[in-house]
Amino acid sequence: MAQAKISAKASEGAQQQQQQQQSQSGGQLRGRFYRSTSMADRSSRLLENLDQLELRVEAFRDAASAMEQEKEILLEMIHNIQNSQDMRHISEGEREELNLTANRLMGRTLTVEVSVETIRNAQQQESLLHATKMIDEIVNKLLDDLEDAKIRLMSLYGACTSDVPAGPIDQKFQSVVIGCAIEDQKKIKRRLETLLRNLENSEKSITLLEHQKSSVRQSCNSKQD
C-alpha cells in the first residue's frame, strides 16, 4: 500500500516536471518568436527611413546641380553684357561705370562655391577625359576658322541630343559620350550649348560691325561725291 503511494507520487512528480519543461520550452519558443517579429519591425522602419533619406539626398544633389547651372548662366550673362555692342556705343565714363558694376556682380557670383562630385568608374573617367579633349581641340582652333569650328561643335552637340539633329553628327564622339556617367553627359551637353551660344553672339557682333563699317564707307563716299 505504501509502495503504491510512493509510486503514485513519483509518477505525479515526473508528470509535473515534464509539464514544467514543456511550459518552459514553449515560453522560449514564444520568446524567440516575439523577438524575431520585433526585429523585423525595427528593420522595416529603418529601411523605410533610409528610403525617405535617399529621396532627400537626390533632391539635395539636384538642387545643388541647379545652383551650379545658375552660377554658369549668371557668369555668362555678365560676360555677354561686358562684351556687347551696346557697351561700345556709350560714353567712356558710362562704360567704365557699367564695367565696375559688372565686375562687382561677377566677383560676388564667384564667391559662391557649389560643387557636385560625380561618382565614376575607371571607364567613365576615361570617357570623360576623351570627350573633354575632343571639345578642347575644337575650341583651341576657334580663332583659326570660326565657321569650321561652329560646324564641328554642332556635330558634337547633335551626338548629345535625343532630338533630330539639324546636320550630321559625330559618331565617334557619340560613342565616347555614351560611355560617360549620366551627370557628365548632361554637363558635356551644357558646355556645347554655351559654346554655340557664344559663337552665335560673336557672329552677330561681327555681322553688326561689318554692317557699321559698310555704312560708314557709304557715308564717306556720299560726302566725297
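The chain is annotated in an unreviewed UniProt entry as BAG2 regulator of Trogon melanurus.

Moving on, we get to the overall build of the chain. Scanning the chain from N- to C-terminus turns up 7 helices and 0 strands. Secondary structure elements of the chain, listed N to C terminal, follow the sequence α-α-α-α-α-α-α. Classification of the 225 residues of the chain by burial places 19% in the buried group. Here the contacts in the chain between residues at least 6 apart in sequence split such that 74% fall between residues at least 24 apart. Counting every atom, the chain has about 17,100 Å² of accessible surface; 54% of that belongs to carbon and sulfur.

Moving on to the pattern of salt bridges. Inspection of every chain in the model, using the stated rule, returns 5 salt bridges. Among the ionic pairs, Glu72 bridges to Arg190, the shortest N-O distance being 3.8 Å. A residue pair is termed long-range when its members are at least 10 positions apart, and Glu72 in helix α1 (residues 2-82) and Arg190 in helix α7 (residues 182-224) qualify at 118 residues.

Counting 20 residues, the largest nonpolar core has Ile135, Leu153, Leu156, Cys160, Phe173, Ile188 and Leu192 as the members making the most contacts within it. At the level of elements, α4 (122-139), α5 (146-158), α6 (171-178) and α7 are the ones that each hand at least two residues to this core.

Another aspect to go through is the UniProt feature "coiled-coil region" (unreviewed entry) in the chain. In this numbering, the UniProt entry assigns the feature "coiled-coil region" (unreviewed entry) to residues 43-70 and 182-212. The span residues 43-70 is 100% helical and 0% strand by assignment, and the distance between its end C-alpha atoms comes to 40 Å.

Quick look at a negative patch on the surface now. Together, Glu48, Asp51, Glu54, Glu58 and Asp62 make up a region of like negative charge exposed at the surface. Tracing the chain through its elements places Asp62 in helix α1. The class for Asp62 is exposed, based on a relative accessible area of 52%.

One can find Glu94 in helix α3 (residues 92-110). A distance of 3.1 Å separates the side chain of Glu94 from the side chain of Ser91, its partner in a polar contact.

Inspection of α6 places Phe173, Val176 and Val177 among the buried residues, and these make up the whole buried set. Along the axis of α6, the buried positions cluster into a sector of 95°, meaning they face one direction only. Set apart from the buried face of α6 by more than 90 degrees, the exposed residues are Gln171 and Ile178. One side-chain oxygen at the N-terminal end of α6 lies 3.1 Å from the backbone nitrogen of Lys172; it belongs to Asp170.

Calculation notes
Residues numbered from 1 in each chain as written. Predicted model: local features only at pLDDT ≥ 70, side-chain atom pairs only at ≥ 80, totals over all residues. Heavy atoms only, no water. Helix = DSSP H or I, 4+ residues; strand = E, 2+ residues; numbered from the N terminus. Buried < 20%, exposed > 50% of the residue type's maximum accessible area, 1.4 Å probe, protein only. Contact = heavy atoms within 4.5 Å. Areas by Shrake-Rupley, 256 points an atom, 1.4 Å probe, with all protein chains shown as cover. Salt bridge = Lys/Arg side-chain N within 4 Å of Asp/Glu carboxyl O. Core = buried A, V, L, I, M, F, W, Y, C linked by side-chain atoms within 4.5 Å. UniProt positions renumbered as here; feature names shortened; annotations may be inferred. Patch = residues over 30% accessible without salt bridge, like charges linked within 9 Å, V, L, I, M, F, W, Y side chains within 5 Å. Lys, Arg positive; Asp, Glu negative; His and termini not counted. Charge placed at Lys NZ, Arg CZ, Asp CG, Glu CD. Polar contact = N/O pair within 3.5 Å; in protein donor to acceptor, adjacent residues only side chain to side chain. Arc of directions from axis to C-beta.

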